Each structure stands twice: as structure tokens, then as C-alpha cells.
Amino acid sequence: MTASGLSISIHDLVEENAMLREEVRVARRASDITARLVVEQFAKIEDILQRLEEKADAERKLGNQLSEKLRESEVRESELARDRKRLEGMQIVAINMMEDIAAARATAESATHAKSEFLANMSHEIRTPMTAILGFADLLDERLSSWESLPTSDDCARRDELVEHIETIRRNAGHLLTIINGILDLSKIEAGKIELERTCCSPIQVVGEVRSLMRVRADGKHITFTTEFVGRIPTTIHSDATRLKQILINLIGNAIKFTDTGEVRLVTRLLTDGNEPMLQFEVIDTGIGMTPQELERLFQPFSQADTSTTRRFGGTGLGLTISKRLATLMGGDIDVNSEPGKGSCFRVSVTTGSLDGVELLDEPDDAMTVQPDQPDHKPVAASRLDCRILVAEDGPDNQRLISALLRKLGADVTLADNGQVAVDAALAAVREGHAFDVILMDMQMPVLDGYNATRMLRERHYTGPIVALTAHAMSQDRQRCIDAGCDDYATKPIVRDKLVETLQRQLSAHRDATAHPA
């Protein structure tokens, strides 16, 4: 090889070497870039993987939480299922209890109805013969009183003895009536059928009437009975005067009964320190008193302090029970303090109603009307009954009694022993042109009772006055008679003056209506 050729080859090699080195540098630079890119990509991949791992952890935690919640939900659902079963069981028990309560209520209502019916029938069965007993006792008394002069002293002694016997009959019959009235009152209170007639009344007048009545009993035992007012007393209150008198008479009657020596006082005062004004009555006696043990059962029905008290003084123990329940119905109460051998103090309070505009008296005694002591038996009204009366009554004794009373006063009496006979007789008299002036209709009779007999007469356009005569004394008996078509109402035992007054009132009203038709 020549020198020039060799020189060209070395030059080429140098150039190739330079080119190779350049390529190596470029390759290295590209490799560095690629490595850096790879590192960066690996960093990104690691970051993504880290995020994915964190997300996976979060999802695992969430899954665990969801699983826990699911387990809790399953537990709660199980508990709810158990609770639902318990609730269903309780509902079944409640339904059974409601059915039992309904059955018990129905039984109680049936028992109450049966008791009311029994008491009504008992009232009728007792009051009906009591009418004859008291009525004929009055007739005997009148007959004896008409014997102004008797031939011998023995005859006078026999008359006085008969008068004493008659008073014994009256006294014991009255006691029996008090018992039956007490039982009926208690029954009406327990059944919630008693109705208070709250009207404007004078407490001062109530005290005056009670004083007039009870002073006779106190005088009979030779003990002092006084009334007094403490402080200012309202001229009027809004209350049931009849029931208030009943309470006071019961309390004062007991005080007199259990007091042999000393006094009984009735103290009246107005209380204004509570939410509403109250009138308080204190019945204070110097009687036998009571122990704490006796006080505990004092207001229980048919109970007295002890059996020896009942044997010594008599009584059913109903008066205090009825009085306390009446006082409660009137917005108040009764309480008592007592000490054996030193007497008792009963305090009864009743609401007065609003006292706005009501005058308060400083000297109530001056406003009290003085009433004379009333005898137990008033004379029969002297007014005559010149009329025709149909008496529908099934009891022979009461037929004789009522007809004797009415005929004595000038009435023409026709008797009917049941409702059907009364209807036939009344309609026949109308057809014949001499209708009865009034019908006295017993409401409890065989064949056809007085209620249906009266309805039948009214349905057949009978317009004459009909006065109900009944021994029933339960609530709303009067309204039942009026609803049946009766014009008025009288009870057994017969109070003669009231019966005559009722008959005269109906006769007068009918004559006025006939003389001046609408």
C-alpha cells in the first residue's frame, strides 16, 4: 500500500472514530433521557400504586364498616323482630284485657241496673203498705180527736192509750221510711244518677229552717240547741238548698242523738282564703265522742262507731255516708274532730258560687225569718173536693184509705183495680157524657200498669187531668210519669195535704183550660 493510500485510511478511521464517539455521546444522552423518563414513569407508577393501595385500604375499611353496619342492622332487625313479637303478644293481652274490661263493665252495668230495679221494687213494696199504715193511723188519730167528751175517766185513759199506740206506729213507720230513703239516696249517688238543683238560695234561711226543725228534737232530750254566725254571711249562694238542709239535718240529728247532756251548736262562717269562696257549717256537740279507730270507719256505709253504739242509739250509719258524698258533689267535704267523752265537731263545707254583687250581712241573725216549730203531722186541708175522681189502685187497703180520704172531702170516688179497668172506665164515662174530673193513677198495677194505661188514654185523645201515684222514688221517676202523659205526680206514702193540693191544682187548671180553650 502506498503512503497516500495509508494516509487516506487513517483519516477515514479518525473520522469514523469521531463519528462513533458522537453517536456514543448521542446514545448516552438518549439513554440518560430515557433513564430519566423511566425513573419519572416509575415514580408516577409508584404514586399511582400508592394511591391505589390507599384507595384499596379505604375500600377495605369501608367494606369493614359496611359489614359491621350490616351485622348491626341484622342484630337490630332481629331485636325488632323480637320486639314485634312481644308487641304482638302485648296487643293480644291488651285486646283480651279490653274484652275482659268490657265484659266486666257490662256485668257491672247489668248489676247496677239489677240493683236499681231491685231498689225500685223494694221502694214500691215498702212504700205501698206504708201508705196504708200511716194513712189509717192518721184516720184513727182524727177519729179519736173528734171524741171531744167521753163518759168516764176509763174511756179517756183508753183514748190516751190509743193515741200513744198511734204515735208509736207513726214513729216506727217514719223510721222505716228514713232507712229506705237513705238506701235509695246512697244507691243514686253510687250510680251517678243523683242530680243537684243548684239555684239561688239563702243560707241564712236554710239555717233558720233547720233550727226550727231540730230545736224540737233537742227540746225532747232536754239539751240546748243554738245557731250562730261568725263574720259576714252572704245573703244568697248558688247551691242546692234541699241537699244542704239534708246534710245539716243529718249532722245535727246525729249530734242530738249522741248527746245526753250539754248542748249542740251550729256555727256558720264564710271562708274566702281558698281558690273559691266556701260556706262552712260546724256542728259541735258535748256528746259521747269517738276514738281515732272509730273515726276511721265513720263514713263507711252501714257503719257506726261500734256495735254497742248501734245497740244503744240505733241507726244504719247511712246518714254520714250520704252527707259526705253530697258535700263532695256540692264542691266541698266533711271532716271531723272528736275525743271520747268530750264531744265531736263536724265541719261541712260547700261552694257558694260567685259572690260578685252579693250583699254580705254583718248581722245575719236579724235577717233570719223566725219560723214557729212545725208539728210532725199537719191537719188535713179543709178545702173540699166536689168532683168525680177515678182512683186506679190495686191494693185493697190503699183503695179503702184513699177513697175514705177523698170522700171525706166531698169527692165522688170510683175505684179501678188495674190499668185496663181504669182505661175502660175513663173512656166509658166520656162516652156517657159525665167524664171524671181527675184520674189518680197508680203506676204499678197488674194487667196494665199506670204508664201504659196513661199512654193508651192519651192515644185515644183523653184530655182530662191524670195524676200519677207511685211508690217509686228513684231518680227521674217524675219525668217518666210526665213522659207517659201524666199531668202531675204524687208519691207514696201519701201526704194528704200535698195530695189534695195537687188534685185541686189540676182541677183548677183543667177547668180554666175548658172555660177558655186556646
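Here, the structure is the one placed above.
Just so it is clear, the model here is predicted, and its values are computed rather than measured.

Right, let's get into the overall build of the protein. For the protein, the helix and strand inventory stands at 13 helices and 14 strands. With 518 residues in all, the protein has 36% of them scored as buried. Summing over all exposed atoms, the protein offers an accessible surface of approximately 30100 Å²; the carbon and sulfur share of this is 54%.

This part covers the packing of helix α10 (residues 419-431) against helix α11 (residues 450-459). To describe two helices that pack against each other, one gives the angle between their axes and the distance between the axes. α11 packs onto α10 with a crossing angle of 25° between their chain directions and a minimal axis gap of 9 Å. Considering the angle they form, α10 stands roughly parallel to α11. For the pair α10 and α11, the crossing hand works out as right-handed. Contacts from G419, Q420, V423, A426 and L427 in α10 reach A453, M456 and L457 in α11. For the contact of α10 with α11, a count of residues per class yields six nonpolar, two polar and no charged.

Here the focus is the sheet that holds strand β7 (residues 333-339). Here five strands make up an open sheet; going across it, the order is β2-β5-β6-β8-β7 and the pairing mixed. What marks the edges here is a single partner per strand, and that holds for β2 (224-230) and β7. Between one strand and the next, the sheet's axes are offset by a mean angle of 15°, whatever the strand orientation. Where strand β6 (residues 278-285) lies against strand β8 (residues 343-351), seven bridges are found, and the strand directions are antiparallel. By the bridge assignment for β8, Q280 is matched with S349. Where helix α4 (residues 241-257) meets the sheet, its contacts fall on β2, β5 (263-271), β6, β7 and β8, and the angle it forms with β6 comes to roughly 20°.

For helix α3 (residues 203-220), which comprises 18 residues, the first-to-last C-alpha distance of 26 Å matches the rise-based estimate of 26 Å (1.5 Å per residue) to within 8%. At M214, α3 shows its largest kink, close to 30°. Of all the residues in α3, the buried ones are P203, I204, Q205, V206, V207, G208, V210, R211, S212, M214 and A218. Positive phi appears at H222, one or two residues downstream of α3, with a value of about 60°.

Take the pairing of strand β13 (residues 466-470) next. Burial runs high along β13: five of the five residues are buried. In terms of strand pairing, strand β12 (residues 438-442) meets β13 through four bridges, oriented parallel. Looking at the pairing, L440 lines up with V467 of β13. Of the crossover connections in this fold, the one passing from β12 over α11 to the parallel β13 is right-handed. In terms of strand pairing, β13 meets strand β14 (residues 488-491) through four bridges, oriented parallel. Bridging across to β14, L469 finds its partner in A490.

This paragraph deals with the packing of aromatic side chains. Applying the stated criterion to the full structure yields zero aromatic pairs. Over the face of the ring belonging to Y451 we find R480, whose NZ or CZ atom lies 3.9 Å from the ring centre.

Structurally, the position occupied by D442 is in strand β12. A distance of 3.4 Å separates the side chain of D442 from the side chain of K492, its partner in a polar contact. Residue contacts for D442: discarding those within four places in its chain leaves A392, E393, D394, G450, L469, T470 and K492.

Where nonpolar side chains cluster on the molecular surface, the patch consists of V38, F42, I45, I48, L49 and L52 and spans about 550 Å² of accessible area. Along the chain, the position of L52 falls in helix α1 (residues 3-145).

All right, on to the nonpolar core then. Judged by nonpolar contacts, the single largest core of 46 residues is most densely connected at L248, I252, F281 and F346. With eight residues, α4 is the largest single contributor of residues to this core. Core analysis: the second largest hydrophobic core is formed by 24 residues, A392, A416, Y451 and Y462 among them.

A few words now on the sheet that holds strand β10 (residues 388-392). Here five strands make up an open sheet; going across it, the order is β11-β10-β12-β13-β14 and the pairing parallel. The open sheet is flanked by β11 (412-416) and β14, the only strands paired with a single partner. Here the average twist between neighbouring strands, direction ignored, is 20°. In this structure, β10 lies alongside β11, joined through five bridges in parallel fashion. Along β11, the bridge assignment pairs L390 with T414. Lying over the sheet, helix α9 (residues 396-408) contacts β10, β11, β12 and β13, oriented at roughly 165° with respect to β11.

A separate point is unusual backbone geometry. The peptide bond linking K492 to P493 adopts the cis configuration, its omega dihedral lying at -5°. Along the chain, P493 falls in the loop between β14 and α13 (496-515). One non-glycine residue with positive phi stands out, namely H222, at about 60°. Mapped onto the fold, H222 is located in the loop between α3 and β2. For H461, which is not glycine, the phi torsion reads 65° and is therefore positive. Here H461 falls in the exposed class, since its relative accessible area comes to 68%.

Position of R170 relative to the elements: it lies in helix α2 (residues 153-190). Among the polar contacts listed, one links the side chain of R170 to the side chain of D141, at a separation of 3.1 Å.

As enumerated under the stated definition, the model contains 30 salt bridges in all. We note a salt bridge from E72 to R76, for which the minimum N-O separation is 4.0 Å. With E72 and R76 both in helix α1, this residue pair falls four residues apart, about one helical turn. Classification of E72 as partly exposed rests on a relative accessible area of 31%. Its relative accessible area of 46% is what places R76 among the partly exposed residues.

Conventions used here
Residues numbered from 1 in each chain as written. Predicted model: local features only at pLDDT ≥ 70, side-chain atom pairs only at ≥ 80, totals over all residues. Heavy atoms only, no water. Helix = DSSP H or I, 4+ residues; strand = E, 2+ residues; numbered from the N terminus. Buried < 20%, exposed > 50% of the residue type's maximum accessible area, 1.4 Å probe, protein only. Areas by Shrake-Rupley, 256 points an atom, 1.4 Å probe, with all protein chains shown as cover. Axes fitted to C-alpha atoms, helices over the stretch in contact; angles between N-to-C directions. Parallel < 35°, antiparallel > 145°, perpendicular 65-115°, else oblique. Left-handed = near helix turned anticlockwise from the far one by under 90°. Contact = heavy atoms within 4.5 Å. Nonpolar A, V, L, I, M, F, W, Y, C, P; charged D, E, K, R; others polar. Pairing = 2+ DSSP bridges. Expected span 1.5 Å × (residues − 1). Bend = angle between axes of the 7 residues up to and from the residue. Right-handed = clockwise from strand over helix to strand, strands pointing away. Phe/Tyr/Trp six-rings, centres within 6.5 Å; stacked < 30°, edge-to-face > 60°. Lys NZ or Arg CZ within 6 Å of the ring centre and 35° of its normal. Polar contact = N/O pair within 3.5 Å; in protein donor to acceptor, adjacent residues only side chain to side chain. Patch = residues over 30% accessible without salt bridge, like charges linked within 9 Å, V, L, I, M, F, W, Y side chains within 5 Å. Salt bridge = Lys/Arg side-chain N within 4 Å of Asp/Glu carboxyl O. Core = buried A, V, L, I, M, F, W, Y, C linked by side-chain atoms within 4.5 Å.

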